[in-house]
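Observations on the three-dimensional arrangement
Here's the letter readout for the chains.
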Amino acid sequence: MRPTFRRLVASTAAAGMLVLAGCSAPATPDGTSGSATLVVATSDEPDALNPVLNYGVDGASLIFDGLVTRDDDNRLVAGLATALPELSRDGRTVTAKLRDGVQFHDGTALTAQDVVFTYQAVLDPTVDSTLRSDLDMVESVTAPDAATVVFRLRYPYAPFLQRLTLGIVPAKLLSGQDINTAGFNRKPIGTGPYRVESWTPGDRLVLTANESYFGGRPKNNRVVVAFVADDNVRAQRMRAGEFDAAELPPKLASGFDADATYRVQRVPTADYRGVMLPTGNPVLADPAVRRALNLGVDRAAMVSGLLGGAGEPAFGPIPPTSEFADPSIVGKPTADPTAAGALLDAAGWTPGPGGVRVKDGRPARFTLMYPASDTLRKDLALAVTADAKKIGIEVTPAGLTWDAIDPRMKSDALLMGYGTPFDPDFVSYKLFGSRFAGQGYFNPGSYRSEVTDSALQEGRDQIDPALRKAAYAQFQKQLATDVPWLFLTYLRHTYVLKSSVRGVAPRVEAHEHGVANSIWWNIDTWTRS
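Predicted model, so just to flag it, every value in this text is computed and none were measured.

Here we take up unusual backbone geometry. The backbone of N443 sits at a positive phi, close to 45 degrees, despite the residue not being glycine. By secondary structure assignment, the location of N443 is in the loop between α11 (428-432) and α12 (450-461). We note that N517 has phi near 65 degrees; this positive angle belongs to a residue other than glycine. Mapped onto the elements of the fold, N517 is located in the loop between β21 (501-502) and β22 (527-528).

Here's what the structure looks like:
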């Protein structure tokens with residue numbers, strides 16, 4: 001998907017090296033792990049630090065807490081609520097009781113009105129929140145007393161509790177303001193384990209420990225999140241000892257494997273890469289071409305050659321780690337050009353000039369776009385191009401800016417990334433539902449299937465886990481038949497950490513990660529030995 005984060009230029013990152021050096025890991029240890037500053041590095045910088053505007057909505061935001069949160073296995077546990085919220089028998093009323101004594105960073109008490117304000121702000125059409133469509137089932141949210149929140153839903157929505165990881169903002173600081181432009185977005189007040197000390201755009205975010213955090217004071221005093229867009233610069237600075245942890249591409253991370261000063265964590269994810277095949281393209285509209293491509297790509301070679309082994313072949317949008325993954329949706333990880341060619345032959349695509357197949361005078365060729373700044377997507381696009389050529393399909397890779405990509409998504413293929421480990425309804429309902437066809441990054445290829453629509457709707461409507469599992473099995477099978485996407489790989493997010501860092505607990509990660517929801521999701525428990 002298109003990044004919601006600013007990609008900063010390498011020159012900015014290089015300048016940041018000089019600035020950050022003053023608070024980098026080697027300069028700040030003061031002898032006790034409990035008071036150390038930890039420095040982590042990521043490529044992605046958020047546009048805002050306000051959950052209403054999409055910051056850390058799946059929890060682990062370090063600054064905010066939701067009514068619920070997730071444990072080491074991504075299972076829901078109570079957050080600001082005293083226990084997991086209760087669901088009524090008809091599935092339309094959800095009631096949460098708040099913990100006593102929780103305070104925002106400015107010392108004011110959290111109340112149910114803050115929760116009500118947060119969700120109403122998301123639903124306010126004047127607020128530029130991308131979350132609004134995720135909460136369109138919410139009919140009302142009320143606070144019958146200071147410690148109770150009641151959600152009334154328009155219809156039963158099975159994974160609603162998963163939506164309650166959204167961080168809660170203080171109503172008194174945002175009421176009556178234009179949330180889209182509020183200063184709060186850059187220096188927010190939350191209830192989380194860290195408060196924002198400063199945010200220098202293009203350089204770093206500095207967080208300090210919340211001494212009165214309801215979950216217990218963090219085991220370190222400060223966390224610095226360095227924003228370093230350039231992968232090579234980030235690796236150089238990791239090697240120079242500036243960071244305690246940094247996310248790096250697999251190939252760069254592997255360079256640290258043999259150095260005992262560091263350890264490399266390869267974290268399983270639900271983050272897939274694939275090619276969106278638009279039905280508005282006259283060649284890709286033919287199911288035979290899409291199925292042939294699905295047979296013709298060599299996913300195993302992509303994983304070993306491009307990811308350095310840090311990934312798995314992908315055949316659908318529900319990751320193998322999910323309880324909803326259908327075991328029948330598994331293809332050959334290696335290419336089968338013979339079967340692909342036979343499928344094209346049968347569909348009337350015959351070899352033409354230059355080895356490019358032709359049908360009814362139309363050559364089998366299309367353009368494959370990818371964001372030019374993303375080296376992995378470029379490598380994958382080139383691999384697809386090479387594999388397609390072997391079966392007589394000519395692909396022209398095109399590295400473009402997102403602004404150039406946007407108007408072409410209905411007709412040109414696009415190397416995209418998505419994925420969440422939390423619930424199959426998230427992402428897939430919009431990405432493959434007919435209702436969202438052609439709506440920006442929601443189903444940009446305008447895929448339409450009544451079977452898929454029905455299965456996706458059944459999956460979100462049913463509370464019974466067995467019925468949900470059956471619905472998503474149907475969804476995955478129909479997708480495998482229609483091939484609106486050419487799923488390529490699931491990534492493992494790779495991080496390099498200093499060997500002295502303790503307390504790290506990797507868990508399956510989503511496509512969206514950065515300041516929030518990365519391997520440092522529990523950095524408040526990290527120490528150095």
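Now that the structure has been shown, we can carry on.
Another aspect to go through is the pattern of salt bridges. Summed over all chains, the structure comprises 28 salt bridges. One salt bridge connects D71 with R75, and the closest N-O pair in it is separated by 3.1 Å. When its relative accessible area of 51% is taken as the criterion, R75 is described as exposed. For R204, the salt bridge goes to D203, with nearest N and O atoms at 3.6 Å. We note that R204, like D203, is buried. A network of salt bridges, in which partner residues are shared, links D71, D73 and R75.

Alignment of strand β5 (residues 93-97) against strand β7 (residues 148-153), held across five bridges, turns out to be antiparallel. Among the inter-strand pairings, A96 is bridged to a residue of β7, identified as V149. The pairing of strand β6 (residues 138-145) with β7 spans five bridges and is antiparallel. Residue pairing in the sheet places D145 in a bridge with T148 of β7. Between β6 and the antiparallel strand that follows it, β7, lie two residues.

The description of two packed helices rests on the angle between their axes and on the distance between the axes. Where helix α6 (residues 287-296) contacts helix α8 (residues 337-346), the two axes come as close as 8 Å, and the packing angle between them is 170 degrees. Here α6 lies roughly antiparallel to α8, going by the angle between them. For the pair α6 and α8, the contacting residues are A288, V289, R291, A292, L295 and G296 in the first and A339, A340, L343 and L344 in the second. Classifying every residue of the contact of α6 with α8 gives eight nonpolar, one polar and one charged.

What follows is about the pairing of strand β8 (residues 194-200). In summary, the side chains of a regular strand alternate between the two faces of the sheet. Bridge analysis of β8 against strand β9 (residues 204-209) gives six bridges, and the strand direction is antiparallel. Following the sheet pairing, R195 is matched in β9 by T208. Taking the residues between adjacent antiparallel strands as the criterion, β8 and β9 are bridged by three residues, where G202 takes a positive phi near 80 degrees.

With that settled, the discussion passes to the sheet that holds β5. Ordered in space as β4-β5-β7-β6, the four strands form an open sheet in which the pairing is antiparallel. Sheet topology places β4 (86-87) and β6 at the edges, where each strand pairs with a single neighbour. Relative to β5, β4 runs antiparallel, the two being bridged by two bridges. Residue pairing for β5: E86 is matched across the bridge by T95. Taken strand by strand, helix α2 (residues 112-123) contacts β6 and β7, and its axis lies near 165 degrees from that of β6.

What follows covers the environment of S254. Here S254 is to be found in helix α5 (residues 250-254). Sequence separation of S254 and V496 is 242 residues, and the distance between their C-alpha atoms is 8.9 Å.

Under the counting rule described, the total for this entry stands at 20 aromatic pairs. Ring centres of F151 and F160 lie 5.3 Å apart, and the angle between their planes is 65 degrees; on these two criteria the pair is classed as edge-to-face. For the pair shown, F151 and F160 are each scored as buried. Aromatic pair Y272 and F487: ring centres 5.5 Å apart, planes at 75 degrees, arrangement edge-to-face. Remark: F487 occurs in strand β20 (residues 485-498) and Y272 occurs in strand β12 (residues 262-276); sequence separation between them is 215 residues. Here the two residues Y272 and F487 agree in accessibility, since each one is buried.

We now examine the side chain of Q162. Locating Q162 in the fold gives a position in the loop between β7 and α3 (171-174). A relative accessible area of 15% places Q162 in the buried class. A distance of 2.6 Å separates the side chain of Q162 from the side chain of R70, its partner in a polar contact. A polar side-chain atom of Q162 sits 3.5 Å from the main-chain carbonyl oxygen of F422. Apart from the residues lying within four places of it in its own chain, the contact partners of Q162 are R70, L76, F422 and F426.

On to α12. Relative to the 16 Å expected for twelve residues at 1.5 Å per residue, α12 spans 16 Å between its end C-alpha atoms, a close match to the ideal helical length. Turning to α12, its buried residues number three or more, namely T452, A455, L456, G459 and R460. Angular distribution of buried residues about the axis of α12 spans 130 degrees; they occupy a single face of the element. Packing partners of the buried residues in α12 comprise α11 and α13 (465-482). Two or three places before V451, at the start of α12, stands the capping residue S449, its side-chain oxygen 3.3 Å from that residue's backbone nitrogen.

Under the 1.5 Å per step criterion, the end-to-end length of helix α9 (residues 375-390) is 23 Å for 16 residues, consistent within 8% with the ideal 22 Å. Those residues of α9 that fall on the buried side of the exposure criterion are L376, R377, L380, A381, A383, V384, T385, D387 and A388. A distance of 3.1 Å separates the backbone nitrogen of L376 from a side-chain oxygen at the start of α9, and that oxygen is part of D374. Trailing α9 by a residue or two, G392 shows a phi angle of about 85 degrees, which is positive.

Membership of the largest hydrophobic core comes to 73 residues, with the highest contact counts inside it found for L67, Y119, F151, F160, L205, I523 and W526. Among the elements that make up this core, the one with the highest residue count is α2 (seven residues). When neighbours within four sequence positions are excluded, I523 is seen to be in contact with L38, V40, L62, Y194, N220 and V223.

What counts and how
- Residues numbered from 1 in each chain as written.
- Predicted model: local features only at pLDDT ≥ 70, side-chain atom pairs only at ≥ 80, totals over all residues.
- Heavy atoms only, no water.
- Helix = DSSP H or I, 4+ residues; strand = E, 2+ residues; numbered from the N terminus.
- Salt bridge = Lys/Arg side-chain N within 4 Å of Asp/Glu carboxyl O.
- Buried < 20%, exposed > 50% of the residue type's maximum accessible area, 1.4 Å probe, protein only.
- Pairing = 2+ DSSP bridges.
- Axes fitted to C-alpha atoms, helices over the stretch in contact; angles between N-to-C directions.
- Parallel < 35°, antiparallel > 145°, perpendicular 65-115°, else oblique.
- Contact = heavy atoms within 4.5 Å.
- Nonpolar A, V, L, I, M, F, W, Y, C, P; charged D, E, K, R; others polar.
- Phe/Tyr/Trp six-rings, centres within 6.5 Å; stacked < 30°, edge-to-face > 60°.
- Polar contact = N/O pair within 3.5 Å; in protein donor to acceptor, adjacent residues only side chain to side chain.
- Expected span 1.5 Å × (residues − 1).
- Arc of directions from axis to C-beta.
- Core = buried A, V, L, I, M, F, W, Y, C linked by side-chain atoms within 4.5 Å.

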